[in-house]
Amino acid sequence: MDPVDKPFLRALAGDPVWPPPIWLMRQAGRYLPEYRATKERAGGFLELCLNPELSAEVTFQPLRRFPGLDAAILFTDLPMLPWAMGQALRYGKGGAEGVGPILGPVRDAAALAALRPGEAARSASPIMETVARIRAGLERDHPGTALIGFAGAPWTTACYMIDGRGGNGFPEARRAAEERPDFLADLYDALLEASEAYLLAQAEAGAEALMLFDSWAGLLPPELFDRWVLAPTAVLTARLRARLGPDYPLIGFPRLAGPGLPSYAARAGVNAMGLDETVDPAWAASSLPGTVTLQGNLDSRLLVQGGPGMREATAAILAAMKGRPFVFNLGHGITPDTPIDHVAELVRQVKEG
């Protein structure tokens, strides 16, 4: 299908599509019983990420339940790029629910030298097969739905690589940003090489847009945000555009960046910028450049709550964003305790405009 017939891609190209396109971060996940059954069938989370047939299946599951969704996002995980570079990765004993990624920390020259950034795209070939399967299935069964590929942005990926796990504020990564800039710069050289190849391979396999998740951008103060979040993101987007062309859709998500958002919008080189739930949508609509499509930003807790609170917040976001390029989403991902009926209601409300 021509991109002009896909509302999500039209919005990323700067068209103020209305009603706005909608997709939801973590729309494939633990709140769906069919996802839990598929993960059990795979034998664990890592095994699921490396099984193209089953990863494609869980990507399609929310599209079947919520036909109003305008985009599918590749089902994989941010630490799969470090894994493809050779870093050890596991998800708890048997991939237990609630246990996040655990990586062998990269904190010294020896661990850094053991990484293989030049082999990342080849090592991730099962993920590229998943992309191809999803794209073929979308063209066959969901022709108006676009496919998003993704990776962690350099800072967030470095956080996982250095600390070895999440949930603790990434003290070692923050210490590296403040006290070991030469080490972090060397890690970024490897990360930028691997990220470029990994994302280009996704585009070549069929991804129609690419998203850079900087989930931990808000950990850094302004001077370090500029050096370790904004500048390397701009380098990566410039490399991607040199290969994919100036019009290929790129989305950035500098979560909890707060006062850094205007600089990010102006300098990161992305078509669209995701907003987390802490951002006032009226401020964002009036203060951020109209040349950048905005994406967001319903609080995922309101999606769990449902009812008037969810409806009123959704209406406020829609009112603020009408008339500018916009994609409706959450401020972060769907949580496992989200009622399925609330997701269906949200999609209906957004599609009613």
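This text goes with the structure placed above it.
Residues numbered from 1 in each chain as written. Predicted model: local features only at pLDDT ≥ 70, side-chain atom pairs only at ≥ 80, totals over all residues. Heavy atoms only, no water.

1. A look at the overall build of the chain
Secondary structure summary: the chain contains 17 helices and nine strands in total. Computed over the C-alpha atoms, the radius of gyration of the chain is 19 Å, within 12% of the 20 Å expected from 2.2 N^0.38 for a compact globule of 353 residues. Taking the principal axes of its C-alpha atoms as reference, the chain extends roughly 55 × 45 × 40 Å. Relative to its full complement of 353 residues, the chain shows a buried share of 57%. Total accessible area on the chain stands at roughly 13,400 Å², and carbon and sulfur atoms take up 51% of it. (Helix = DSSP H or I, 4+ residues; strand = E, 2+ residues; numbered from the N terminus. Rg over C-alpha atoms; globule rule 2.2 N^0.38 Å. Buried < 20%, exposed > 50% of the residue type's maximum accessible area, 1.4 Å probe, protein only. Areas by Shrake-Rupley, 256 points an atom, 1.4 Å probe, with all protein chains shown as cover.)

2. Observations regarding the pattern of salt bridges
Following the criterion strictly, the structure yields 18 salt bridges and no others. For E34, the salt bridge is made with R65, and the minimal N-O distance between the two is 2.7 Å. One end of the pair, E34, is in helix α2 (residues 33-42); the other, R65, is in helix α4 (residues 52-65), with 31 residues separating them in the sequence. The exposure class assigned to R65 is partly exposed, which follows from its relative accessible area of 37%. (Salt bridge = Lys/Arg side-chain N within 4 Å of Asp/Glu carboxyl O.)

3. Things to note about α4
Helical periodicity: at 3.6 residues per turn, an α-helix aligns residues three or four positions apart in one direction. An ideal rise of 1.5 Å per residue puts 20 Å on 14 residues; α4 measures up with 21 Å between its terminal C-alpha atoms. The buried fraction of α4 amounts to 10 of the 14 residues, a majority that puts the element mostly inside the structure. When α4 is considered as a whole, its buried residues turn out to be P52, L54, S55, A56, V58, T59, F60, Q61, P62 and L63. Turning to α4, the residues buried within the fold contact α2, α3 (45-49), β1 (71-73) and α8 (125-141). Measuring from the side-chain oxygen of the N-cap residue of α4 to the backbone nitrogen of E53 gives 3.2 Å; that N-cap residue is N51. (Expected span 1.5 Å × (residues − 1). Contact = heavy atoms within 4.5 Å. Polar contact = N/O pair within 3.5 Å; in protein donor to acceptor, adjacent residues only side chain to side chain.)

4. Describing unusual backbone geometry
Peptide bonds are trans in most cases, and residues, glycine excluded, mostly fall at negative phi. Looking along the chain, the bond that leaves W18 and enters P19 is cis, with omega of -5 degrees. Looking along the chain, the bond that leaves G296 and enters N297 is cis, with omega of -15 degrees. For N297, the position within the fold is in strand β8 (residues 293-298). Positive phi is not limited to glycine here, since R26 has a value of about 60 degrees. If you trace the backbone, R26 turns up in the loop between α1 (7-12) and α2. The backbone of F170 sits at a positive phi, close to 55 degrees, despite the residue not being glycine. Note that F170 resides in the loop between α9 (154-163) and α10 (171-179). By relative accessible area, which is 1% here, F170 ends up buried.

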